[in-house]
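# A look at the structure
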Amino acid sequence: MQLKSIIGQQEVKARLLAGFRENRVAHTQLFLGPEGSGSLALALAFAQFINCRERTETDSCGTCPSCVKYQKLAHPDLYFYFPTTTNDSVKKDPKSSLFLESWREYLNKTDVYPTQNGWYGHLGVGNKQGYIRKDDANELIAKIALKSYESEYKVVIFWMAEKMNEAASNKLLKTLEEPPDKTLIFLIAERYELLLATVRSRAQIVKILPLKDEEIATALTDRKGVGQQEAAQFSLLAKGSWNQAVDLLENAEELQSNFIRFRQWLRLCFRPKDYLELNKFNSELGRMGREKQKRFLQYGLEVVHNSIMLNQKHGNTVRKSGEELDFSVKLAPLVNEANQREIYRLCNEAIYHIERNAHGGILFTDLSFKLLDLLAAGKRRMAK
Ligand SMILES: [Zn+2]
C-alpha cells in the first residue's frame, strides 16, 4: 500500500520520510502503536516506498513491478512472521510460512488493519494463543542469509512481536542486533511491556499514537461513505482505533436493517391476507446466516421489552429515538398481558433452535403464524 492510503499519522510519515532522505533508516525498528492505529499498514507502506523504483519524495508509485508485488503482499523479498497456532488445516508444528495464504486473505479483508482477535478468528483457533516460534526464527535466518531476489532491500515484518516466544527470540538475537546487509527488520507491537527485553533493546522505536477523532471521521466519510454527522459520532466512540470505528459502523448498519426487517415482518404478520409476501419474507429471513438470524430475533425481544416498558410508563428507560421509538410506541398497546409472555418465550425458543441448526425458512414461517395469532389476541385485549 502507498503512504497516502494510510489513515492519519502525518507526523510519523514525515519522520520516516525524513529519516530515509537523510540516509538514517535503522535496520531494526519497532513500530509501537495501539490496536487500530495502523502500525502494520504504515510499516508496509514504508517498506514499499523504500523498494519502489519510481518513488517520489513522499510516496511510492503504486504501479512499478515492486509496488505491484508489495500490494499483493507477495514480494519475494518481503517476509512476514506472525503468531500462529494449530487449527483445522495445520494440525502440528505451526509456523508462519504454513499460514501465508490465510494471512494475505485476512490482511486483504481488513485493508491491512489486522487485530489479534480478528486474526485468531480468521484462523478458527478459538481461544488458543498464537506465538512466533523457534521454527519461524530458523526459517527466517536461512532465508535472509541468501541474496535478495530483486529488491535492493529485503524486508522482514514481525507482526505482534510481543507474541515472540523466548526460544524464537534467543535464536534471533544476533539477527536483530545486526541483520545481514541490505536487510530491514520491522517489528510491529502494541504493548511495549510485553516485549522481551532482549528484543526491545535491539530496536529503534517508531512511536505511533492512536488516531485523532477527526482522522477517523474523515476516513469513515471517504472510505465508507458515512455521512459527516454520523461519522463524527462514531469517531468519538472509536477511541482512536480504526478497527473500533469499522466495528461500530457494521453493527449500526445491522441494527438499522434489523429494525426495518422486524417492522416489515410484524406488518406482514398483522396482514395475514398477504400470505405470499409473508412467505417470501420468511424465506429471506431463513437465508440469512445463523448469527444474523439470532441477532434479528434478539432485536425483536428488545422491541417487545421496550413495548412493555412503555406500557408501564417506564418509557424513559427505552434508549431509542426517531422512527425506532415511533415504532415501539405504536406497537406497545398491541403487546400486553394477552401475549407478551408468549412472544418472549417463542422468540427465545426460536433462538435456541437456530443454535441447533433448525431450518430457517420453516422456523420463521412457524413463528410468524404464531405471532399472527398472538398479535390478534393483543388487539382484542386492547379493544376491551
Ligand atoms: Zn513503485
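The model shown is predicted, which means the values in this text are computed figures rather than measured ones.

## Brief notes about the overall build of the protein chain
For the protein chain, the helix and strand inventory stands at 16 helices and five strands. Projected onto its principal axes, the C-alpha positions of the protein chain cover 85 × 45 × 40 Å. The buried share among the 384 residues of the protein chain stands at 37%. For the protein chain, the proportion of contacts with a sequence separation of at least 24, taken over those separated by at least 6, is 73%.

## Observations concerning the nonpolar core
Taken as a class, soluble globular proteins show a tendency for nonpolar side chains to be buried jointly. The biggest cluster of nonpolar side chains holds 68 residues, and the ones touching the most others in it are Phe31, Ala43, Ile157, Phe158, Phe186, Leu187 and Ile188. Other than its neighbours up to four places away in sequence, Phe31 contacts Ser39, Leu42, Ala43, Phe186, Leu187, Ile188, Val206 and Ile208. The next biggest cluster of nonpolar side chains, apart from the first, holds 26 residues, and it includes Leu331, Leu334, Phe364 and Leu367.

## Things to note about the domain arrangement of the protein chain
Domain annotation for the protein chain reports domain 1 (3-210) and domain 2 (243-383). A straight line from the C-alpha centre of domain 1 to that of domain 2 covers 46 Å.

## Re the environment of Leu346
If you trace the backbone, Leu346 turns up in helix H15 (residues 340-355). Residue classification places Leu346 among the partly exposed positions, given that 18 C-beta atoms sit within 10 Å. In this structure, the C-alpha to C-alpha distance between Leu346 and Ser148, residues 198 residues apart in sequence, is 64 Å. With near-sequence residues (within four places) excluded, Leu346 lies in contact with Leu367 and Lys370.

## Looking at the sheet that holds strand E4 (residues 183-189)
Spatial ordering of the open sheet is given by E2-E3-E4-E1-E5, a layout of five strands whose pairing is parallel. The open sheet terminates on both sides in strands that have one partner only, identified here as strand E2 (78-81) and strand E5 (204-207). When strand polarity is set aside, the average angle formed by the axes of neighbouring strands in this sheet is 20°. Helix H6 (residues 134-144) rests against E2, strand E3 (154-159) and E4 of the sheet, and its axis sits at about 170° to E2.

## With respect to the packing of H15 against helix H16 (residues 360-383)
Look at H15 against H16: their axes get within 11 Å of each other, and the N-to-C directions meet at 175°. If you check the angle between H15 and H16, you find them roughly antiparallel. Side by side, H15 and H16 meet where Glu342, Ile343, Leu346, Ala350, His353 and Ile354 of the first sit next to Leu363, Leu367, Lys370, Leu371 and Leu374 of the second. Looking at side-chain class alone, the contact of H15 with H16 contains eight nonpolar, one polar and two charged residues.

## Here we look at helix H13 (residues 290-311)
Between its terminal C-alpha atoms H13 stretches 32 Å, which fits the 32 Å expected from 22 residues at 1.5 Å a residue. Turning to H13, its buried residues number three or more, namely Gln293, Phe296, Leu297, Gly300, Val303, Asn306, Ser307 and Leu310. Projected onto a plane normal to the axis of H13, the buried residues spread over an arc of 165° and lie on a single side. Buried-residue contacts for H13 involve helix H11 (242-270), helix H12 (275-287), helix H14 (322-331), H15 and H16.

Reading the values: the criteria
Residues numbered from 1 in each chain as written. Predicted model: local features only at pLDDT ≥ 70, side-chain atom pairs only at ≥ 80, totals over all residues. Helix = DSSP H or I, 4+ residues; strand = E, 2+ residues; numbered from the N terminus. Buried ≥ 20, exposed ≤ 12 C-beta atoms within 10 Å, placed from the backbone. Contact = placed C-beta atoms within 7 Å. Core = buried A, V, L, I, M, F, W, Y, C linked by C-beta atoms within 7 Å. Domains from an automatic or database assignment. Pairing = 2+ DSSP bridges. Axes fitted to C-alpha atoms, helices over the stretch in contact; angles between N-to-C directions. Parallel < 35°, antiparallel > 145°, perpendicular 65-115°, else oblique. Nonpolar A, V, L, I, M, F, W, Y, C, P; charged D, E, K, R; others polar. Expected span 1.5 Å × (residues − 1). Arc of directions from axis to C-beta.

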